[in-house]
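The residues making up each chain are set out below.
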Amino acid sequence: MKIETSSTGASETPGEWLVVYVAEGSDTPKLKGALGDRIEQLRKQGDFDGKRGESLPLYESLGTAAQRILLVGLGKNDPMVATAIARATGTAIRTISKKGASTVVLAPVGASASVNAESAVAAQVTGAIIGEGTQEIFRTIKKSKPLATLILPESPSEENIAHALTIARGVRWAAELVNLTPEDIYPESFCQRSIDESA
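Residues numbered from 1 in each chain as written. Predicted model: local features only at pLDDT ≥ 70, side-chain atom pairs only at ≥ 80, totals over all residues. Heavy atoms only, no water.

**Digging into the pairing of strand β5 (residues 103-106)**
Neither face of β5 is exposed, since Thr103 and Val105 on one face and Val104 and Leu106 on the opposite face are all buried. Bridge count between strand β2 (residues 15-23) and β5: three bridges; the pairing is parallel. Residue pairing for β5: tryptophan 17 is matched across the bridge by valine 104. Bridge count between β5 and strand β6 (residues 149-152): three bridges; the pairing is parallel. Note that in β6 the partner of valine 105 across the bridge is isoleucine 151. (Buried < 20%, exposed > 50% of the residue type's maximum accessible area, 1.4 Å probe, protein only. Helix = DSSP H or I, 4+ residues; strand = E, 2+ residues; numbered from the N terminus. Pairing = 2+ DSSP bridges.)

See below:
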């Protein structure tokens, strides 16, 4: 997966999908334009409220440069925390991968007292890598298509990227280990795998 940074705003960046993050609750700041109006309409209708793990595809551009839009919920109780951002991004990537898209644009999440804008982008990278890599580890027939390009709202530092990759690698390894049989993983083989992974 190639990671790029948008040179314009996320809504002006062309892509097959634009991922938009929505926090739970009516007190969430309203987005501008047709997209913001649609989200408010969906809230009032009870069709989408930004709950954790919730996602909703919109098969229209709504004033953006994307072909389609995917709304993903951050949940409530400080929705800007890094783990919520990573979890929501993973949900988005798993959903989109099953639809065969190759280019995804991530909208900015913003900043709060618990996470700055750069850390939020790093959390998006973490979630994207986890979402793409853990869903079909043991499937013989792959139903998802790997993403070719992920476009971020801004460029994170090399340190934050390295941190994101380390977390994603650990989560993917854990997902693999818990699904192995006793014939495949036992104390000696686990120790060897740990040595190999830390090398």
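**Details of the pattern of salt bridges**
Evaluation of the coordinates by the stated rule reveals four salt bridges. The salt bridge involving arginine 38 is made with glutamate 60; its shortest N-O contact spans 2.3 Å. One end of the pair, arginine 38, is in helix α1 (residues 33-45); the other, glutamate 60, is in the loop between β3 (55-58) and β4 (66-75), and 22 residues separate them in sequence. Arginine 38 sits in the partly exposed class, given a relative accessible area of 23%. Classification of glutamate 60 as partly exposed rests on a relative accessible area of 30%. Close ionic contact of arginine 43 with aspartate 49 constitutes a salt bridge, the shortest N to O distance being 2.8 Å. One network of salt bridges, in which partners are shared, links Glu40, Arg43 and Asp49. (Salt bridge = Lys/Arg side-chain N within 4 Å of Asp/Glu carboxyl O.)

**What about helix α4 (residues 158-177)?**
In this model α4 runs 28 Å from its N-terminal to its C-terminal C-alpha over 20 residues, within 8% of the 28 Å that 1.5 Å per residue would give. Looking at α4, one finds that the buried residues are Asn160, Ala164, Ala168, Trp173, Ala175 and Leu177. (Expected span 1.5 Å × (residues − 1).)

**Some words on the sheet that holds β5**
Sheet strands pair via backbone hydrogen bonds, and the direction of the pair is either parallel or antiparallel. What the six strands build is an open sheet, ordered β1-β6-β5-β2-β4-β3; its pairing is mixed. The sheet is open, and its two edges are formed by β1 (2-5) and β3, each paired on a single side. Between one strand axis and the next, the sheet turns through 25 degrees on average, direction left out of account. Together, β2, β3 and β4 form the strand contacts of α1, whose direction differs from that of β2 by roughly 55 degrees. Most of the contacts of helix α2 (residues 82-97) go to β4, to which it runs at about 140 degrees, and overall it touches β2, β3, β4, β5 and β6. (Axes fitted to C-alpha atoms, helices over the stretch in contact; angles between N-to-C directions. Contact = heavy atoms within 4.5 Å.)

**Describing the confidence of the model for the protein**
Scored by pLDDT, the protein comes out at a mean of 82, with 86% of its residues at no less than 70. Considering each helix and strand of the protein separately, the mean pLDDT is smallest for α4, with a value of 79, and largest for β3, with 95. (pLDDT = per-residue confidence, 0-100.)

**Describing empty space enclosed by the protein**
With the rule as written, the count across this model stands at one cavity of 30 Å³ or more. Taken as a whole, the largest cavity spans an internal volume of roughly 30 Å³. Arg52, Gly53, Gly73, Leu74, Ala84, Arg87 and Ala88 together form the lining of the largest cavity. Examining the composition of the lining of the largest cavity, we find that three residues originate from one element, α2, more than from any other. When its residues are assigned to classes, the lining of the largest cavity shows three nonpolar, two polar and two charged. (1 Å grid on protein atoms, 1.4 Å probe; cavity = no way out; pocket = protein on both sides within 12 Å on 5 of 7 lines; lining within 4 Å. Points joined across faces, edges and corners; volume = space filled by probe spheres on them. Nonpolar A, V, L, I, M, F, W, Y, C, P; charged D, E, K, R; others polar.)

**Observations concerning the side chain of threonine 64**
By the secondary structure assignment, threonine 64 is in the loop between β3 and β4. Using a relative accessible area of 13% as the deciding quantity, one classes threonine 64 as buried. Separated by 2.7 Å, the side chain of threonine 64 and the backbone oxygen of serine 61 make a polar contact. At 3.3 Å, the side chain of threonine 64 forms a polar contact with the backbone nitrogen of alanine 66. In contact with threonine 64, not counting residues within four places along its chain, are Ser11, Leu18 and Ile69. (Polar contact = N/O pair within 3.5 Å; in protein donor to acceptor, adjacent residues only side chain to side chain.)

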